[in-house]
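Next come the chains, spelled out residue by residue.
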Amino acid sequence: MSSPPDPTTLPDARGHFGTYGGMFVPETLMAALEELTHEYERAKADPAFRAELDALLRDYVGRPTPLTFAERWTEALGGAKIYLKREDLLHTGAHKINNAMGQILLAKRLGKSRIIAETGAGQHGVATATVCARFGFDCTIYMGEVDMARQALNVARMRFLGAEVKAVTAGQRTLKEAVNEAMRDWVTNVRGTHYILGSALGSHPFPMMVRDFHRVIGEEARSQILEKEGRLPDYLVACVGGGSNAIGLFHPFLADGSVKMLGVEAGGHGIKRGEHAARFQGGKLGVLQGTKTWLLADADGQIELTHSVSAGLDYAAVGPEHAHLKEVGRADYTYATDAEALEAFQQVSQLEGIIPALETAHGLAGVRKLAPELGADGLIICNCSGRGDKDVAQAAKAIFGEEVFG
Ligand SMILES: *Cc1c(COP(=O)(O)O)cnc(C)c1O
């Protein structure tokens, strides 16, 4: 038996992470994806590109982010010591801007003048609209009608920033349909348009490129924990929608055999068909929106409905690199239900003075189970992928049972 490919060196030249990933796109997009791959490789090797991106991450985005010891939460859980990597403190309120900033610089190099993007919770739309404003690009964001209603605050932010937000009314009216519309737009306007995809998903080179732009999370966390604790953590924990914040934290630790990794998917109302978005629970191998990966589909291959209290985790497919890491046993994946995420949301708000995003709260719910199991000698870093401002109305309704805002 041949040994599985070394996870630290993937993907291969065609975007395969073992059996996952690849380029499953219409013929009309192949030239653009190859041009993008080529320009990305050139940019990566260009010290001027890295220097410009680093300067923007520092002076505009707000890097490095702190690694915060969650002292009272650690005490309350009575187990492992917990640190939070504070991506919630970045400009625009989530990790998404690391990737948006990298890709806008690439779009500039490619000579494009128009940007499109999809968004679920609206954080990627806001990050994209922000970098478009900063660099003077025309910006169109596709968003499902259901998500526009539950993330109305972010819709307003995108419009303030000068972006056009296009409501997607097809199907379930959430993230999957928004991606379909963005891809349709890209096929039609590919010459002058760059598509800033928002997670470690889709066709090659996006899963690799998005991961690389988020690796800074793990690189910083690694040196910060060594400085604070003099050793590597036992566990990394992060919520997994498409998987970009998780892979950004995990990737720089892949070669550190002692560091375990836990991704937390959205368990929604529990693992019943149509009631969750935990692809590794009851999902199967398939192809969706450019990539081969684990997804939620019925016996005929039709994509199933998904549900999560957090719009940012409410998607039927997981990033292909996570599928590979699970297969080779390098990372484990679990899920948190809506109720568990809301409990973690309240606990961390009240004990740490940090109101997390509902997506992030799924990762925190994973920590609540893991910390007591690991015991007092254990050390955990959980990625605080975003802040909860966008979720105030939704969380208030769920927790207090009342409509706080019209
Ligand atoms: C978008 C989002 C996520 C989920 O996306 P990933 O690509 O899985 O990271 C998680 N947390 C926040 C705050 C988000 O905005």
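All of the points below concern the structure found in this document. From a predicted model like this one, the values you see are computed outputs, not experimental measurements. (Residues numbered from 1 in each chain as written. Predicted model: local features only at pLDDT ≥ 70, side-chain atom pairs only at ≥ 80, totals over all residues. Heavy atoms only, no water.)

Brief notes about the sheet that holds strand β5 (residues 114–119)
Sheet architecture is open: four strands sit in the order β7-β6-β5-β8, paired in parallel fashion. Two strands in the sheet have a free side with no partner beyond their single neighbour: β7 (164–168) and β8 (193–195). Sheet twist, expressed as the mean angle between neighbouring strand axes with direction ignored, is 25°. (Pairing = 2+ DSSP bridges. Helix = DSSP H or I, 4+ residues; strand = E, 2+ residues; numbered from the N terminus. Axes fitted to C-alpha atoms, helices over the stretch in contact; angles between N-to-C directions.)

Comments concerning the packing of helix α2 (residues 47–61) against helix α4 (residues 96–109)
To describe two helices that pack against each other, one gives the angle between their axes and the distance between the axes. At a closest axis distance of 10 Å, the pairing of α2 and α4 adopts a crossing angle of 140°. As far as their axial angle goes, α4 and α2 are oblique. Of the two elements, α2 crosses α4, and the hand of that crossing is right-handed. Mapping the contact onto sequence places F49, E52, L53, L56, L57, Y60 and V61 in α2 and I97, N98, M101, G102, L105, L106, K108 and R109 in α4. Class assignment for the residues of the contact of α2 with α4 results in 10 nonpolar, two polar and three charged. (Parallel < 35°, antiparallel > 145°, perpendicular 65-115°, else oblique. Left-handed = near helix turned anticlockwise from the far one by under 90°. Contact = heavy atoms within 4.5 Å. Nonpolar A, V, L, I, M, F, W, Y, C, P; charged D, E, K, R; others polar.)

A few points about the packing of aromatic side chains
Scanning the model with the defined rule gives seven aromatic pairs in all. Relative to F213, the ring of Y40 has its centre 5.8 Å away and its plane inclined at 75°; by these criteria the two rings are edge-to-face. Of this pair, Y40 sits in helix α1 (residues 27–44) while F213 sits in helix α9 (residues 206–229), placing them 173 residues apart in sequence. One exposure class covers both Y40 and F213, and it is buried. Aromatic ring contacts, followed pair by pair, group W186, Y195 and F206 into a single cluster. Over the ring of Y60 we find R134; its NZ or CZ atom is 5.9 Å from the centre of that ring. In this structure, K326 packs its charged tip against the face of F280, placed 5.5 Å from the ring centre. (Phe/Tyr/Trp six-rings, centres within 6.5 Å; stacked < 30°, edge-to-face > 60°. Buried < 20%, exposed > 50% of the residue type's maximum accessible area, 1.4 Å probe, protein only. Lys NZ or Arg CZ within 6 Å of the ring centre and 35° of its normal.)

Considering the site of the ligand
Near the ligand you find 18 residues, and of these K96, S199, G241, S244 and N245 are the closest. Within the side chain of S199, a nitrogen or oxygen atom sits 2.5 Å from an oxygen atom of the ligand. Contact with the protein chains removes 97% of the 380 Å² of surface that the ligand exposes when unbound. Under a 2 Å grid-point criterion requiring more than half of the atoms, the pocket assigned to the ligand is the largest cavity. (Near = heavy atom within 4 Å. Polar contact = N/O pair within 3.5 Å; in protein donor to acceptor, adjacent residues only side chain to side chain. Areas by Shrake-Rupley, 256 points an atom, 1.4 Å probe, with all protein chains shown as cover. 1 Å grid on protein atoms, 1.4 Å probe; cavity = no way out; pocket = protein on both sides within 12 Å on 5 of 7 lines; lining within 4 Å. Sits in = over half its atoms within 2 Å of the grid points.)

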